[in-house]
Amino acid sequence: PRAKGESTANPSAGMPAAPDALAFPNEAGAVRLDRIEIENFKSYAGRQVVGPLMDMNAVVGPNGSGKSNLMDMIAFTVGLSSSDLRGKTLKDLVYRNSPDEDISERGASVSLVVTCDGAETRFTRSITPAGVGKYSVNGKTVSAQAYDEKLKTFGVLSKAHNGFLVFQGYVSELAQKSAKELSKLFEQISGSEELTEEYDALAAEKKRAEEEQIFNQQKKKGLAQERAIMKRQKEEAEAYQALLGRKRELQQLQYLQKLHGIEHEIVTLREQLGSEAAALDAESERHATAEATLRASEKERARLARRAVDLERQHASLLQKVEKQNPGAIKLREEIRHVDRRRATQAKSLDKVEEAHKAATKQQKGLEKQLADVSDALARATAEQQEAESRGEVEMNKRQRDEYSRLKGEAGAKSAALHEQLSAMTRELRSDEPLLMQGRTKLDELAARRGVLEGRLGGFEERRKGLAERVAKLKAEAAECEKELQAAKTSGSTSRERQGGGGG
């Protein structure tokens, strides 16, 4: 076969016959490849027919004339993928005149026509313009699986194509295969690869049977061990029951000893309870005496309070009588009240006086500094003026001297006013100091009196709390003794019941 424009090849044109591998044995008879029909496949443009083929054929020609594509045709038709045919996709197997030619509307197909006992069968694999592969047998479209099954009826195994298609370089590649890879290849060629799943299933079943046998043997050994263990456990259980009976006997003896000790303890507890009850009664009496004393003290305090009220009333009555007898007493009482109000006012404003004292002190320091600054400035100015006059540098006229005298007088007056203000502030601070000290002294006395009263009140509170805690403690001890007595009575009753039951 030749490229585009060449005529159909035939044996009379000098084309040698194909290898004997193109004829396959079959149960029905000899199967042989009669011809190959091509349309737009690889380098074959248009529709081409290779054949009829003889028993022995050979393809010769220069490089690039399409010799290898003849093998690709057969491989493509028996189901090889495009990657095995030097193409990435099926569309790469469609004929194109140049790399830039648009083949979007072009398809391709290859048909193998085989004969068996004079009957022809056409196997066709085609590529649609969309690049989709299709399979057909005798012009009828079938699935890839049905197509492969039909090839098997003629002894063609698509998965074992290497058994009848030997590509360039395959012999050297085959020589380099390992034993495992050769075994796999023989399985593909012989068709035994199809039995791999069944073989694996049977091997897995055999492995499961062996594992089950091993498991049963181990289980048998385990049962024997368990039997021995159960025998030992039975012997241990019998020994345990014997020890348990001995334990019950010892426990009965121990319980009897405990009951004897409990009875003795009950007698002791009753004696202790009697002494605790006597102590509780004595403490109750002391508590009652203390409460009676407290009530008597409360009554005495109430009586003294009433007596104080009566004395105040008598004092007021006597004052009224004195005032009636001596009119000057009214004036004296008014002066006393005035002094009291003044003292209260001074006590309330003590903080204000202290703050005013601090502010006045601060102001006094500021005035003293200001006065010192003015005096220094005046002295410096006078000294500078006198020095300038003595050197003859300054000569003032009458108007300037008058202005100087006026300013000097104003400075002296201002200085005097500051002195006077400072003196008044100092006198005021000194006059307030005794009052401030008196107020502080009075407040200290009141605070001391308050501390004494609070101390006495705290003492009374502590005594009251101590008595309350003592009473609560005595009550708790009495309750605990009562509980112990009840427990002892219950234990004694139980002991007597057990003894009575044992005697019965």
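Being a predicted model, the structure only gives us computed values, none of them experimental.

We now examine the overall build of the chain. When you go through the chain residue by residue, the secondary structure sums to eight helices and seven strands. In the chain, which comprises 504 residues, the share counted as buried stands at 21%. Pairs at least 24 residues apart make up 62% of the contacts formed inside the chain by residues separated by at least 6 positions. Here the chain displays about 36400 Å² of accessible surface, and carbon together with sulfur accounts for 55% of that area.

Turning our eyes to something else, we now look at the pattern of salt bridges. This model, assessed by the stated rule, comprises 14 salt bridges. The closest approach of N and O atoms between Arg 32 and Asp 55, which form a salt bridge, is 3.5 Å. Linking Arg 32 in strand 2 (residues 31–41) with Asp 55 in the loop between strand 3 (44–50) and helix 1 (67–77), this pair joins segments that are 23 residues apart in sequence. Assessed through its relative accessible area of 25%, Arg 32 is described here as partly exposed.

A word on the packing of aromatic side chains. If you walk through the whole model with that rule in mind, you get four aromatic pairs. Ring pairs connect the aromatic residues Phe 123, Tyr 135, Tyr 147 and Phe 154, which therefore count as one cluster.

Residues of helix 2 (residues 144–153) that are buried: Tyr 147, Asp 148 and Leu 151. Seen along its axis, helix 2 keeps its buried residues to an arc of 95°; they face one direction. Looking at the buried side of helix 2, the elements it contacts are helix 1, strand 5 (119–127), strand 6 (133–137) and strand 7 (140–142). Positive phi appears at Gly 155, one or two residues downstream of helix 2, with a value of about 80°.

This brings us to unusual backbone geometry. Pro 52 follows Gly 51 through a cis peptide bond whose omega is 0°. Its location among the elements puts Pro 52 in the loop between strand 3 and helix 1. One non-glycine residue, Asp 117, lies in the positive phi region at around 55°. Owing to a relative accessible area of 57%, Asp 117 belongs among the exposed residues under this scheme.

Note that Ser 43 resides in the loop between strand 2 and strand 3. You can call Ser 43 partly exposed: its relative accessible area is 22%. A distance of 2.7 Å separates a polar atom in the side chain of Ser 43 from a polar atom in the side chain of Asn 69.

Averaged over the chain, the pLDDT score is 76; the fraction of residues at 70 or greater is 75%. The low-confidence segment residues 1–28 (pLDDT under 50) makes 65 contacts with residues lying over four places distant or belonging to another chain.

What follows covers the pairing of strand 6. In this sheet, strand 6 lies alongside strand 5 in antiparallel orientation, the contact comprising five bridges. For Ser 126, the partnering residue across the bridge sits in strand 6 and is Lys 134. Two elements, strand 6 and strand 7, share three bridges in a ladder whose sense is antiparallel. Bridging across to strand 7, Ser 136 finds its partner in Thr 141. Counted along the chain from strand 6 to the antiparallel partner strand 7, the turn is two residues long, and its residue Asn 138 has a positive phi close to 55°.

Attention now moves to helix 1. Within helix 1, eight of the eleven residues are buried, leaving the element largely enclosed by the surrounding structure. Among the residues making up helix 1, those that are buried are Asn 69, Leu 70, Asp 72, Met 73, Ile 74, Ala 75, Phe 76 and Thr 77. Among the structural elements, strand 2, strand 3, strand 4 (108–116), strand 5 and helix 2 are those in contact with the buried residues of helix 1. The first or second residue beyond helix 1 is Gly 79, which carries a positive phi of 115°.

Attention shifts here to the nonpolar core. Ile 36, Ile 38, Met 73 and Phe 76 are the most contacted members of the largest nonpolar core, which totals 34 residues. For this core, the secondary-structure elements that each account for two or more residues are strand 2, strand 3, helix 1, strand 4, strand 5, strand 6 and helix 2.

Conventions we followed
- Residues numbered from 1 in each chain as written.
- Predicted model: local features only at pLDDT ≥ 70, side-chain atom pairs only at ≥ 80, totals over all residues.
- Heavy atoms only, no water.
- Helix = DSSP H or I, 4+ residues; strand = E, 2+ residues; numbered from the N terminus.
- Buried < 20%, exposed > 50% of the residue type's maximum accessible area, 1.4 Å probe, protein only.
- Contact = heavy atoms within 4.5 Å.
- Areas by Shrake-Rupley, 256 points an atom, 1.4 Å probe, with all protein chains shown as cover.
- Salt bridge = Lys/Arg side-chain N within 4 Å of Asp/Glu carboxyl O.
- Phe/Tyr/Trp six-rings, centres within 6.5 Å; stacked < 30°, edge-to-face > 60°.
- Arc of directions from axis to C-beta.
- Polar contact = N/O pair within 3.5 Å; in protein donor to acceptor, adjacent residues only side chain to side chain.
- pLDDT = per-residue confidence, 0-100.
- Pairing = 2+ DSSP bridges.
- Core = buried A, V, L, I, M, F, W, Y, C linked by side-chain atoms within 4.5 Å.

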